[in-house]
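# Notes for the structure review
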Amino acid sequence: DSIFPGDLPFPEEAGEKPIIHKCSERDYHRIRAFSNTYLKNLVSATPLHALIKPKSQDAFTMGSLFECLVEDAFTTKDKNILRQKIAGNNFHTSATKFNERCAIRGDFSKGDGIRKFAEEWKEKNKDKVWVTLPQLMTGMEMLKSVLQNEGWSRHLRGGDWQVVVCWMERGLPMKAMLDFVYTSFDKKVPVDLKSCNGVQHKADAQSFGRQAGKYQYDMQAAHYMTGLAQVFGEDAVEPFVFLVCETSAPYGTSVYKCSEAFLESGFAQRNRAIDYLLDYLDHYGDTLP
């Protein structure tokens, strides 16, 4: 087995120069290259640990469905129709990205023929994120909140969603998928949507700062900014922006632009992870221990 993640070949053209790569989210995760998640795990673990995918949990489900709803809402051109559908609690029925990536899971605990129905439903939707109705309702409350935040609207009003970047760095294949790249200015502004539970972590600066430290968001910002800089040049990339929303009432929202110190920490940790990876490859090759 190899320490290289993924089973799809790294794009041939990306071996020559950094590129924006058109692919589905599912295929992105299969590309044979090193991601932000992999490098973060290398900071305190081994190449073997870095290959282990985290189990799908409620936080992942909420994050995925929320990202889809936000993309669908902010790409809806007719805002009157958007408001009507949200008020009528039926926005999700025509939300393209949501229905492409998510499936609403019903109650499979009782009913005639429910076991067969459940098996067929799971097979049909095996490649989607399974969302319960309560989770969808929470996602809609979050969406209503962010639509009232002018900072969110300002950063999502013009740009590209789910931007995939592939590049070679120090002889290693790299990849990144950004939630959004704001391009209304002359420069590129990398944007990431984050949710916090509103209990242990809230959307205020102090609490979100603790969450950012715990989950190494500084490395994420450094990795994504590096990818964009590889394609467009360092001078064309603005500091990373996090758009944050709580997953519980009052569904507080915030906008954070990464500070110089935050980014310096992320770049330093990222460089250490790459140094470790190169050292491992030099001593052991690309095989697992």
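What follows deals with the overall build of the chain. When its secondary structure is counted, the chain shows twelve helices and eight strands. Relative to a compact globule of 289 residues, whose C-alpha radius of gyration would be 19 Å, the chain shows 20 Å and is just as compact. For the chain, the proportion of its 289 residues judged to be buried stands at 46%. When contacts within the chain are restricted to residue pairs at least 6 apart in sequence, those whose partners lie at least 24 apart make up 71%. Carbon and sulfur atoms make up 50% of the accessible area of the chain, which amounts to about 15,300 Å² in all. Once the 36 positive and 38 negative side-chain charges of the chain are each reduced to a mean point, those two points are 6 Å apart.

Attention now goes to unusual backbone geometry. Put simply, Ala249 and Pro250 share a cis peptide bond, and its omega is 10 degrees. With respect to the secondary-structure elements, Pro250 resides in the loop between strand S7 (241-246) and strand S8 (253-257). Backbone geometry places Arg170, a non-glycine residue, at a positive phi of 55 degrees. Relative to the helices and strands, Arg170 resides in the loop between strand S4 (159-169) and strand S5 (172-182). Residue Arg170 is classed as partly exposed on the basis of its relative accessible area of 45%. For Tyr251, which is not glycine, the phi torsion reads 55 degrees and is therefore positive. Topologically, Tyr251 is positioned in the loop between S7 and S8.

Quick look at the packing of helix H11 (residues 217-232) against helix H12 (residues 260-284) now. Where H11 meets H12, the axes come as close as 7 Å, and the angle between the chain directions of the two elements is 80 degrees. Considering the angle they form, H11 stands roughly perpendicular to H12. Seen from H11, the contacting residues are Tyr217, Asp218, Met219, Ala221, Ala222, His223, Met225 and Thr226; seen from H12, they are Phe262, Leu263, Ser265, Gly266, Phe267, Gln269, Arg270 and Ala273. Taken together, the residues of the contact of H11 with H12 break down into nine nonpolar, five polar and two charged.

The next thing to look at is the side chain of His223. With respect to the helices and strands, His223 occurs in helix H11. At 3.5 Å, the side chain of His223 and the backbone nitrogen of Asn36 are in polar contact. In terms of polar contacts, His223 uses its side chain to reach the side chain of Arg270, at 3.0 Å. Filtering out sequence-adjacent residues up to four positions away, His223 remains in contact with Phe34, Ser35, Asn36, Leu39, Trp167, Met174, Lys175, Ala176 and Arg270.

Time to look at the sheet that holds S8. Paired through backbone hydrogen bonds, the strands of a sheet run either parallel or antiparallel to each other. One open sheet holds the six strands; their spatial order is S1-S4-S5-S6-S7-S8, and the pairing between them is mixed. Looking at which strands have only one partner, the edges of the open sheet turn out to be strand S1 (19-20) and S8. Pairing between S7 and S8: five bridges, direction antiparallel. When the sheet's bridge partners are listed, Val244 is paired in S8 with Ser254. Here helix H4 (residues 58-74) sits on the sheet and contacts S4, S5, strand S6 (189-196) and S7; the angle it forms with S4, its principal contact strand, is near 120 degrees. Contacts from H12 reach S4, S5 and S7, with the element oriented near 155 degrees to S5.

A separate point is the pairing of S8. Alternating residues of S8 divide into Ser254 and Tyr256, all buried, and Thr253, Val255 and Lys257, none buried. As consecutive antiparallel partners, S7 and S8 are separated by six residues, and within that stretch Tyr251 has a phi angle of approximately 55 degrees, a positive value.

Two residues of an α-helix separated by three or four positions point the same way, owing to the 3.6 residues in each turn. Taken together, the buried positions of helix H7 (residues 114-124) are Ile114, Ala118 and Trp121. Angular distribution of buried residues about the axis of H7 spans 65 degrees; they occupy a single face of the element. Residues Arg115, Lys116, Glu119 and Lys124 are exposed on H7 and point more than 90 degrees away from its buried face. In this fold, the buried residues of H7 make contact with strand S2 (102-105) and strand S3 (129-132).

Cut-offs applied
Residues numbered from 1 in each chain as written. Predicted model: local features only at pLDDT ≥ 70, side-chain atom pairs only at ≥ 80, totals over all residues. Heavy atoms only, no water. Helix = DSSP H or I, 4+ residues; strand = E, 2+ residues; numbered from the N terminus. Rg over C-alpha atoms; globule rule 2.2 N^0.38 Å. Buried < 20%, exposed > 50% of the residue type's maximum accessible area, 1.4 Å probe, protein only. Contact = heavy atoms within 4.5 Å. Areas by Shrake-Rupley, 256 points an atom, 1.4 Å probe, with all protein chains shown as cover. Lys, Arg positive; Asp, Glu negative; His and termini not counted. Charge placed at Lys NZ, Arg CZ, Asp CG, Glu CD. Axes fitted to C-alpha atoms, helices over the stretch in contact; angles between N-to-C directions. Parallel < 35°, antiparallel > 145°, perpendicular 65-115°, else oblique. Nonpolar A, V, L, I, M, F, W, Y, C, P; charged D, E, K, R; others polar. Polar contact = N/O pair within 3.5 Å; in protein donor to acceptor, adjacent residues only side chain to side chain. Pairing = 2+ DSSP bridges. Arc of directions from axis to C-beta.

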